[in-house]
Structures are given as structure tokens and as C-alpha cells.
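# Geometric and topological summary
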Amino acid sequence: MKYQIAIIGGGPAGYTAAEAAGKVGLSVVLFEKKSLGGVCLNEGCIPTKTLLYSAKTYDGARHAQKYAVNVPEVSFDLSKIIARKQKVVRKLVLGIKGKLTAAGVTLVTGEATVLDAHHVQCGDDVYECDNLLLCTGSETFIPPITGLDTVNYWTHRDALDCKILPASLAIIGGGVIGMEFASFFSSLGVQVTVIEMMDEILGGMDKELSALLRTEYAKRGIRFMLSTKVVSVANADVHIQVNYEAPDGTSGSVVVEKLLMSVGRRPVTKGFGLENLSLQKTERGSILVDEYMQTSLPGVYVCGDLTGFSLLAHTAVREAEVAVHHILGKDDRMSYRAIPGVVYTNPEIAGVGETEETLQRKGTSYRVSKLPMAYSGRFVAENEGVNGVCKLLLAEDDTVLGAHVLGNPASEIIVLAGMAIELGLKTEAWKRMVFPHPTVGEIFKEAL
């Protein structure tokens, strides 16, 4: 069996590449050992956002009186929230399978092993290919904390299928995944404690806006422990005791009903024969790829989390497009200048391009244009008693370098700034664009 493209991994990078190649007539085989959609669709982006929307709807109903709407009794059904999440995932997985089938992609379920740059084995069968795309995704990283193997802790997968709400929850890690789960469980009445080793939550996002989001959630009852290192965990009757070292060097403990480990993810590099390719690596140990996503071996491409660069689904999709275009001989190159980052808390926080911290490390001169989100009439109309911030980072020649937004719907409007950054627009050029009124996106024009 010979194919023009063989793809290992059916996540956002893999299924995007497969569909794009299949649609133009290339013969494609896609190997996936679990479910199409990868981590993002089955146990990441989509299920978490489904849960978060239920929590956001519940929050809205509880505070509907702010909008002159009376809702006398507000409640939620956790089992139905979880069931709806599963229904959404099933629907989208079937949708991806249908699109791949329509594109003529051969789907193979099972663990694939790379034999060399042109041969992949799955079960007893060996598949030959002209081009090989590695899209193996990432996995949860569990740090070596003393006693962790003795307690019944959650990973994000366990939290997604929670059947009974705990009274209290400690989340180790204040990154994107940790904060989204903190938002969900806090909205449903769980007492949440977030323990973060760094001096601020959401590393990589704008620090000022991250601090504002943390302050907002602290008002809602979430306890944040920053610059705090977890040194060990242990069972305490029916609870879990988390022992830590505080910033001042003292030690202490937190006793909670459940513990969620959320310190990050790492690329999957083992279990599929990667070592058989002897690919060149970067100084950080990631696989070296060029601007076409091609490795040191011609015809072998790496897309998605395996690059170790972004670990975001939308980055993976774009990388897959670039790789397929290169195979087709089209001139297309990967750019990481404007990759949006979004945290789907309530309120949302989103950023794209440079942050003040990255510009300062580079020694790049910049100026800040910052406005409250209240300068947007639409925002005021839909966010009674809620504050937000829009921050633009501009070069000395007024080129847009970065944009950061705290406030709903940051996830939907951040792409406007992303396009301006990717296209290298200056403020005058961006201001000439006609923004529909009233929209929250107008905040960018106001900030300019």
C-alpha cells in the first residue's frame, strides 16, 4: 500500500493536513490510535469550553437581575452538563470523520510506528509513503512530587468527567488549563485554591491583565498562592493534604477534598518510532523544522504540539496548511508573529503578538495605548458593573506590535488585532478600517 502522504496523529494538525491533501487529489492515509480530533476535541479545547459555557450561563442567570430580568430559582444539573459535553464531542468527531471520508482519506485505527522516512507500520501492515507528517500531539506532564503516587488526584481528563462536585479543590498550576477549571468549579460553588510556582498566573500572557483577572477571581472566592512550591502531598483521612513552601521560605499545608494536577503539557515523542528517523533537534531538544515545517529529512514534516513551539490547536492547523502547501509546491511559509492566546474564563482574556515583557527582554522601544473596555458602547450594554481593559503595544513608527484584552468577548475580537500585526499595519492604516457599530471590537479603534 503506497500513499503520497502518510500522517500519524488525527488531531487538529493531522486531520487538517489530511483533508487539505485529500481534497486536491493526493492519496492520504491517516493513523490515529484513539479518537479523531486528538486531545483538543476529545479532552481539551472543546469539552472544556462546553463546560465553561454552562458555567457562564449559570453565572448569567444568577446575576440576571443586573439586567432587569428576574430569575427566581437558579440551579444546575452536573450530570446533564457532563452529558451535553459528551454529546458535543461525539457530534464534532463524527463531523471530522465525515469530512475526511469525503476527501478520500484512508483512516487507519491503531498504533503506527515509523520504520523510516517512507515506511510506517500499523499492526501487521506496512504502508509506503512519499511524504510523512508527524502530528502526535502532547500529553499531560505530571511532576515528580513526593507522595503523588499515593493519592487519588485528578488530571484534566478526570475533571472533565466529574460526577459529583467536591466541596474543595486545589489546582496545582495557574496556567490556561488550571485557570479555566478554576473558573468552572468556582462558578458551581466549589472552594478553589490555585497554587502557582511563578509570581503570576497565566505565564506568557500580559502580566498586567493576568493580575487583573486574578484579582477578579479572588473577589469571587478563589484563593491564589503565587511563588509557592508544592513539596509533597499525602492522604488526610478522606481528604488530601498539599504541603508547600511559601515565598518567604516558610512551609504550610492545604487540606482539600480533591487535587487537580495542571502544570502543563509536553510533546509526545515516544511510542511511534521517532528515534528511527534521527532528526536534527533544537538547543531545547525540540525537533528542528524550517519555515515549511519540514525537518532535516526531506519529505518528513512535523506539525502541531510535537514542534514544542506553541501547543495550541490553531497553531497546529496553520502549520498543517503550510506543510501540505509545500508538498504541493505552493509558496507558503509559517509565521509565528501573530498567534493568538486565549483563556476562556469569565471574563475572557486574550492576547496576540508581543507582550510588554517580551519587548523589554528584546530591548525594543514601544509605547502603550490602554483604554477601559467601557469605551465600547456594546461592552457597556452587555457587561453591567463589569470592568475590562484593552492594551495596544505600538512601535516607535506606530506599527502594531501586540494587543491584549481582558473582557468578553476577547476571544472573538482578538483576531482583528492579529491580522493587523501579521500584516504589519501602522495605526493610521488600521484606523481607516470601518468597524461596525456598535461592536466590542471597536475598542481597538478607540485605543488607536
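Residues numbered from 1 in each chain as written. Predicted model: local features only at pLDDT ≥ 70, side-chain atom pairs only at ≥ 80, totals over all residues. Heavy atoms only, no water.

### Side note on empty space enclosed by the protein
Note the cut-off: Cavity and pocket criteria rest on a 1 Å grid covering protein atoms alone: a 1.4 Å probe that fits but cannot get out defines a cavity, protein on both sides within 12 Å along at least 5 of 7 lines defines an open pocket, and an atom within 4 Å of a point defines a lining residue. Grid points are joined across faces, edges and corners, and a volume is the space filled by probe spheres set on the points. Amino acids are sorted into nonpolar (Ala, Val, Leu, Ile, Met, Phe, Trp, Tyr, Cys and Pro), charged (Asp, Glu, Lys and Arg) and polar (every other residue, Gly among them).
All chains considered together, the criterion is met by 2 cavities of 30 Å³ or more. Estimated volume of the largest cavity: approximately 50 Å³. For the largest cavity, the full set of lining residues is Thr-140, His-156, Ile-177, Met-261, Ser-262, Gly-264 and Arg-265. Split into classes, the residues belonging to the lining of the largest cavity amount to 2 nonpolar, 4 polar and 1 charged. In this structure, the second largest cavity spans a volume of roughly 30 Å³.

### A few points about helix H3 (residues 45–62)
The line we're drawing: In DSSP terms, a helix is any run of H or I states spanning at least four residues, a strand is any run of E spanning at least two, and both are numbered starting from the N terminus. Between the first and last residue of a helix there are one fewer steps than residues, each counted as 1.5 Å, and that sum is the expected span. Only protein chains enter the calculation, and the probe is 1.4 Å; a residue is then buried if its accessible area is under 20% of its type maximum, exposed if over 50%, and partly exposed in between. Between two residues, a contact is recorded if the distance between any of their heavy atoms is within 4.5 Å.
For H3, which comprises 18 residues, the first-to-last C-alpha distance of 26 Å matches the rise-based estimate of 26 Å (1.5 Å per residue) to within 8%. Among all positions of H3, only Pro-47, Thr-48, Thr-50, Leu-51, Leu-52, Ser-54, Ala-55, Tyr-58 and Asp-59 are buried. For H3, the secondary structure elements touched by its buried residues are helix H2 (38–43), helix H4 (78–102), helix H5 (156–160) and helix H6 (176–187).

### Notes on unusual backbone geometry
In this structure, Pro-347 follows Asn-346 across a cis peptide bond, with omega equal to 20 degrees. A cis amide bond links His-437 with the next residue in sequence, Pro-438, at an omega value of 0 degrees. Note on placement: Pro-438 falls in the loop between helix H12 (427–431) and helix H13 (442–447). Phi is positive for Ser-227, which is not a glycine, with a value near 50 degrees. Following the sequence through the fold, Ser-227 ends up in the loop between strand E10 (223–225) and strand E11 (229–236). Residue Asp-237 is not a glycine yet carries a positive backbone phi of 60 degrees. Relative to the helices and strands, Asp-237 resides in the loop between E11 and strand E12 (239–245). Classification of Asp-237 by relative accessible area gives exposed; the value is 79%.

### Some remarks on the pattern of salt bridges
The line we're drawing: Take a side-chain nitrogen of Lys or Arg and a carboxyl oxygen of Asp or Glu: if they are within 4 Å of each other, that pair is a salt bridge.
Applying the stated criterion to the full structure yields 26 salt bridges. A salt bridge links Arg-318 to Asp-332; the shortest N-O distance between them is 2.6 Å. Remark: Asp-332 occurs in the loop between helix H8 (313–327) and strand E17 (341–343) and Arg-318 occurs in helix H8; sequence separation between them is 14 residues. In this structure Arg-318 comes out as partly exposed when scored by relative accessible area, which is 28%. When the shortest N-O distance is used, the salt bridge between Arg-333 and Asp-331 registers 3.3 Å. Under the relative-accessibility criterion, Arg-333 is labelled partly exposed at 43%. Put simply, Asp-206, Glu-208, Glu-356, Lys-370 and Lys-391 are held in one network by salt bridges that share partners.

### As for the sheet that holds strand E14 (residues 258–261)
What counts, and what does not: A strand pair is defined by DSSP finding two or more bridges across the two strands. An axis is simply a line fitted to the C-alpha atoms; with a helix, the fit covers only the stretch in contact. Between two such axes, the angle follows the N-to-C directions and lies from 0 to 180 degrees.
As summarised here, the arrangement of the 4 strands in space is E10-E9-E8-E14, forming an open sheet in which the pairing is parallel. Sheet topology places E10 and E14 at the edges, where each strand pairs with a single neighbour. Across the sheet, the axes of successive neighbouring strands diverge by a mean angle of 20 degrees, strand direction being ignored. Here strand E8 (residues 168–172) pairs with E14 via 4 bridges, running parallel. In the sheet register, Ile-171 faces E14, and the bridge partner there is Leu-260.

### Thoughts on the sheet that holds strand E21 (residues 400–406)
With antiparallel pairing, 5 strands are arranged side by side in an open sheet as E17-E18-E21-E20-E19. This sheet does not close on itself; its edge strands, each paired only once, are E17 and strand E19 (367–372). Pairwise comparison of adjacent strand axes, ignoring direction, gives a mean angle of 10 degrees for this sheet. On the sheet, helix H7 (residues 207–219) packs against strand E18 (349–353), E19, strand E20 (389–394) and E21 and is oriented at approximately 0 degrees with respect to E21.

### Considerations on the layout of surface pockets
Considered as a void within the structure, the second largest pocket measures approximately 880 Å³ in volume. What lines the second largest pocket is a set of 29 residues, and nearest its centre among them are Lys-66, Glu-216, Arg-220, Asn-346 and Val-386. Mapped by element, the contributors of at least two residues to the lining of the second largest pocket are H3, H6, H7 and helix H10 (377–382). When its residues are assigned to classes, the lining of the second largest pocket shows 8 nonpolar, 12 polar and 9 charged.

### Here we look at H8
With 15 residues, H8 extends 21 Å from end C-alpha to end C-alpha; this agrees with the ideal 21 Å at 1.5 Å per step. Looking at the buried positions of H8, the neighbouring elements they touch are helix H1 (12–23), strand E6 (125–134) and strand E16 (300–302).

### Digging into the side chain of Thr-399
To keep it simple, the criterion reads: Between N or O atoms, a polar contact is any pair within 3.5 Å; within protein, one atom must be a potential hydrogen donor and the other a potential acceptor, and residues adjacent in sequence are included only when both atoms are from side chains.
Within the element layout of this structure, Thr-399 appears in the loop between E20 and E21. Within the local environment of Thr-399, its side chain forms a polar contact with the side chain of Asp-397, the two groups lying 2.9 Å apart. Filtering out sequence-adjacent residues up to four positions away, Thr-399 remains in contact with Leu-393, Leu-394, Gly-424, Leu-425 and Lys-426.

### A word on the nonpolar core
What counts here: What is meant by a nonpolar core is a set of buried Ala, Val, Leu, Ile, Met, Phe, Trp, Tyr and Cys residues, joined one to another through side-chain atoms within 4.5 Å.
Judged by nonpolar contacts, the single largest core of 36 residues is most densely connected at Phe-184, Phe-185, Val-192, Leu-202 and Ile-349. Only H3, H4, H5, E8, H6, strand E9 (191–195) and H7 provide two or more residues apiece to this core. Ranked by the residues each element gives to this core, the list is headed by H6, at 5 residues. Ala-13, Ala-21, Val-93 and Ala-316 belong to the second-largest nonpolar core, a separate cluster that totals 28 residues.

Nothing here speaks to function; it is all geometry.
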